[in-house]
Amino acid sequence: MSASLDSALDPMEEIRFRKKHGSMWMELQKDTHFTFDELEQIMVIFFKIQKRDEKSAASDLISRAHFRDVLHTGLGMTDAYMMERVMVALDRGTSPYVTMATFAKAMSLYLRGNLEERITYAFTCYDLLGEGYLRRETMYQLMKKSIAKASRDDDVEEAVKEFVDIMLKRMDADLDGVINFQDFHTSVTKTPSLLESLGYCLPERPAVYAFLTTWCPSWGKM
């Protein structure tokens, strides 16, 4: 694309940015659902976010705080408790920064991710201890946060315990008392509505459409 991707940026500044990272984007594109032109547009969004940092750590990093702002205001992901899990699931680290690659892959997942990718991502968000399975206690903590947020009743303990029992009966195919990845995968594949049964970790479709309309209007309908 020869034309400037965003009229709000200095054209020469944008050209320098694209030339500096273009070869990396060609490789990165293979790990996303974007065409190269679409990935360029996503990276311009990254660049605009990066310009908000007074002193950027590096040309391929943005702060976690600014990335969370994108997820919160741009994609409507407002659950503070789940956002902590989301950040770990996306970059699997504790760095205060988000890389260009993590940003691109996250946008690919949120805007065009398939069910397989979303299942793996959601399970990672829920697996608080990184054990490879979900214990009753883990499910209880996840559900308690979600139900307490939606309920006006201060006493949610019994309701949460009942929900956990129901989910275990529904998902624990091998009856070992925990939900491993295969249990989760099988259950969600059969009933996709179970994907976010333990907490909202993905943007809703209206938020995705609004994001695309605002930031990527040339993409057309999804």
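What you see is a predicted model; the values in this text were computed from it and never measured.

Visitor: Looking at this model, I keep getting lost on the pattern of salt bridges. Mind explaining?
Guide: A side chain of one charge can pair with a side chain of the opposite charge when the charged atoms of the two come close. All told, the structure shown has 10 salt bridges when counted by the stated rule. With a closest N to O distance of 3.3 Å, R18 and E40 form a salt bridge. Within this pair, whereas R18 is found in helix α1 (residues 11–28), its partner E40 is found in helix α2 (residues 36–50), the two being separated by 22 residues in sequence. Since its relative accessible area comes to 14%, R18 is described here as buried. Since its relative accessible area comes to 5%, E40 is described here as buried. Linked through salt bridges whose partners overlap, the residues forming this network are E14, R18 and E40.

Visitor: How do you make sense of the UniProt feature "domain: EF-hand" (unreviewed entry) in the chain when you look at a structure like this?
Guide: Annotation from UniProt places "domain: EF-hand" (unreviewed entry) at residues 159–194. Secondary structure across residues 159–194 divides into 64% helix and 6% strand, with the first and last C-alpha atoms of the span separated by 18 Å.

Visitor: Just checking my understanding: could you explain the layout of surface pockets for this structure?
Guide: Estimated volume of the largest pocket: approximately 500 Å³. In this structure, the largest pocket is lined by 26 residues; those nearest its centre are D79, S146, E196, G199 and Y200. Elements supplying a minimum of two residues to the lining of the largest pocket: α4 (80–91), α7 (136–150) and α8 (157–171). Of all the elements, α7 adds the most residues to the lining of the largest pocket, at five residues. Split by residue class, the lining of the largest pocket holds 17 nonpolar, five polar and four charged. Approximately 330 Å³ is the volume found for the second largest pocket. Contributions of two or more residues to the lining of the second largest pocket are made by α4, α5 (100–112) and α6 (115–126). Looking at the lining of the second largest pocket residue by residue, the class counts come to five nonpolar, five polar and four charged.

The rules behind the values
Residues numbered from 1 in each chain as written. Predicted model: local features only at pLDDT ≥ 70, side-chain atom pairs only at ≥ 80, totals over all residues. Heavy atoms only, no water. Salt bridge = Lys/Arg side-chain N within 4 Å of Asp/Glu carboxyl O. Helix = DSSP H or I, 4+ residues; strand = E, 2+ residues; numbered from the N terminus. Buried < 20%, exposed > 50% of the residue type's maximum accessible area, 1.4 Å probe, protein only. UniProt positions renumbered as here; feature names shortened; annotations may be inferred. 1 Å grid on protein atoms, 1.4 Å probe; cavity = no way out; pocket = protein on both sides within 12 Å on 5 of 7 lines; lining within 4 Å. Points joined across faces, edges and corners; volume = space filled by probe spheres on them. Nonpolar A, V, L, I, M, F, W, Y, C, P; charged D, E, K, R; others polar.

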